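Chain residues, written in single-letter form:
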Amino acid sequence: MAARDTIAAVATPPGRGGVGIVRISGANCPQIAESLIGSLPPPRVAKLVDFTDQQQQLIDQGIALYFPAPHSFTGEDVLELQGHGGPLVMDLLLQAALQAGARVAHAGEFSERAFLNDKLDLVQAEAIADLIDAQSHAAARLASRTLQGHFSQRIHTLVEQLIELRLYVEAAIDFPEEEIDFLNDGHVSERLLSIMSLVEKTFQSAQSGRVLRDGLTLVIAGRPNAGKSSLLNALAGSESAIVTEIPGTTRDLLKERITIEGIPLHIIDTAGLRESDDPIEAEGVRRAREQMAEADRVLWVFDDRSDPDPMALDRSTLPEGVPVTLIRNKIDLTGKSPGLHQIEDGVEICLSAKQGEGMSLLNDHLKQCAGYHDQHEGEFIARRRHLDALQRGMQYLEHGQQSLLRDQAGELLAEDLRVAQLALSEITGEFTADDLLGRIFSSFCIGK
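Conventions and cut-offs
Residues numbered from 1 in each chain as written. Predicted model: local features only at pLDDT ≥ 70, side-chain atom pairs only at ≥ 80, totals over all residues. Heavy atoms only, no water. Pairing = 2+ DSSP bridges. Helix = DSSP H or I, 4+ residues; strand = E, 2+ residues; numbered from the N terminus. Axes fitted to C-alpha atoms, helices over the stretch in contact; angles between N-to-C directions. Salt bridge = Lys/Arg side-chain N within 4 Å of Asp/Glu carboxyl O. Buried < 20%, exposed > 50% of the residue type's maximum accessible area, 1.4 Å probe, protein only. Parallel < 35°, antiparallel > 145°, perpendicular 65-115°, else oblique. Left-handed = near helix turned anticlockwise from the far one by under 90°. Contact = heavy atoms within 4.5 Å. Nonpolar A, V, L, I, M, F, W, Y, C, P; charged D, E, K, R; others polar. Core = buried A, V, L, I, M, F, W, Y, C linked by side-chain atoms within 4.5 Å. Expected span 1.5 Å × (residues − 1).

Caption draft 1: View of the sheet that holds strand S11 (residues 324-329). A sheet is described by the order of its strands in space; here 7 strands give the open sequence S8-S9-S7-S10-S11-S13-S12, paired in mixed fashion. Every other strand in the sheet has two partners, leaving strand S8 (254-260) and strand S12 (339-343) as the edge strands with one partner each. The sheet shows a mean angle of 25° between the axes of neighbouring strands, direction not considered. Where strand S7 (residues 216-222) meets strand S9 (residues 263-269), 5 bridges bridge the pair, whose relative direction is parallel.

Okay, structure coming up:
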């Protein structure tokens, strides 16, 4: 461990509570303990003590806990002072620790030190914040699994398989005089396909975990007076938006956050899309198109009375690459039955937002879009950067597969495997030097 300042911070939330904790980490913990409580407590033993300041004035009475390095959360000496949870008491304790040789910790610095001291990898460190910020039971469970190392273990397994395959390919390149044709015996291709399959499975699990963490952003769009605001109200379960028969009521963006089976949904109601000379309405349309381009999914609403053919929709007006669900609204006025239908470009749902008919079909559809399962959880929590790294890793592997099958280019395959390994290693924060040569001689029996 590198020598660092000793840091201190209040570890409990602001406000009043039964118990408050000041956490201290660093080499000066023994001196600070001597100053505040008279002596260093025995390791991992709760001790009732008096907390005093530099003038030996009593601040509070509470519990002191000492965790010597490296057996602590940060990997450094850690001292926790548990007192009564009043803001003034916590501030006095923190000020006394600062006067005794600590400095105020930066945001997240305790977790950062745990990462730097190899107590946690980067995924696990992020999972701490995700567990604290979890907004559903499912998200909390997945964050807990990630903190326990389930996601990290999957990535480590992938990286190890990539390294083993690299060793095999490097052997074929560096020892061409061997009688076995390493690249054409089918072994490389089979192992590469196996790794790609595991990367794809990991990506799907991470995608589900990302949705449970961040939620889906849904943009409700369509022509004026199609019932977009009524759909927002139906999803939110409240009268969030003004609903009238006058087209163009919604001028700005209306946002609601709801949860369906533990899945956060960020719903944005937009202005009706049409040409307008009204500068306010025109700005609303511009903002609507901007939100559509950033959405996870667009719910395109049309009036079943005036737009009988959803395929007449001009798809060139919709953002490229964003999935669209067609909502055939106001079926209570046309006598159509609620239903969900697969169409050429996706899914069409017949419903009445005002009467609530067919809303359960929409909810089930949204859960399916979010990767919901009966157990309503995947394997681990994930972030967008994890998905990006997995996607880049898969792209490198696909390119390497082409190099192998089309060109029998072992050197190109080896390079693609290397950069794929680096991409996946970004997830856990492992940026180690390439020690492949040493692994070759220690892992393979080359022979001569």
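After that view of the structure, there is still more to cover.
Caption draft 2: Structural context of the pattern of salt bridges. Per the counting criterion, the structure on display carries 18 salt bridges. Ionic pairing is found between Asp5 and Arg103, a salt bridge with its closest N-O pair at 3.1 Å. Of this pair, Asp5 sits in the segment before strand S1 (7-10) while Arg103 sits in strand S6 (residues 103-104), placing them 98 residues apart in sequence. Taking the relative accessible area as the measure of exposure, Asp5 reaches 47% and is therefore partly exposed.

Caption draft 3: The packing of helix H4 (residues 122-133) against helix H5 (residues 137-147), seen in detail. For the pair H4 and H5, interaxial distance at closest approach is 8 Å and the crossing angle is 155°. It follows from the interaxial angle that H4 and H5 lie roughly antiparallel. Helix-helix and strand crossings are classified by hand; for H4 and H5 the assignment is left-handed. Side by side, H4 and H5 meet where Val123, Gln124, Ala127, Ile128, Asp130 and Leu131 of the first sit next to Ala140, Ala143, Ser144, Thr146 and Leu147 of the second. A per-class count over the contact of H4 with H5 returns 7 nonpolar, 3 polar and 1 charged.

Caption draft 4: Main features of the nonpolar core. Core analysis: the biggest nonpolar cluster contains 33 residues, and Ile155, Leu390, Leu397, Leu417, Leu424 and Ile427 have the highest contact counts within it. Listed by contribution, the elements that provide at least two residues to this core are helix H6 (150-174), helix H7 (187-214), helix H11 (384-407) and helix H12 (410-428). For this core, the leading source of residues is H6, giving 10 residues. In contact with Leu397, not counting residues within four places along its chain, are Leu162, Leu192, Ile195, Met196, Val199, Leu417 and Ala420.

Caption draft 5: Structural detail: H12. An ideal rise of 1.5 Å per residue puts 27 Å on 19 residues; H12 measures up with 28 Å between its terminal C-alpha atoms. Immediately downstream of H12, the backbone of Gly429 shows phi near 85°, a positive value.

Caption draft 6: Seen up close, unusual backbone geometry. Here the amide bond leading from Ala69 into Pro70 is cis, since omega sits at 0°, within 30 degrees of zero. Mapped onto the elements of the fold, Pro70 is located in the loop between strand S4 (58-67) and strand S5 (78-85). In this structure, Arg44 takes a positive phi of about 55° despite not being glycine. Among the structural elements, Arg44 can be located in the loop between helix H1 (29-37) and strand S3 (47-52). Phi is positive for Lys330, close to 65°, though the residue is something other than glycine. Residue position: Lys330 is located in the loop between S11 and S12.

Caption draft 7: Just the environment of Ile37, in detail. Here Ile37 shows up in helix H1. Put simply, Ile37 and Ala64 are 27 residues apart on the chain and 8.2 Å apart in space, counted from C-alpha to C-alpha. When sequence neighbours within four positions are dropped, the list of residues in contact with Ile37 reads Val49, Asp50, Phe51, Ala64 and Leu81.

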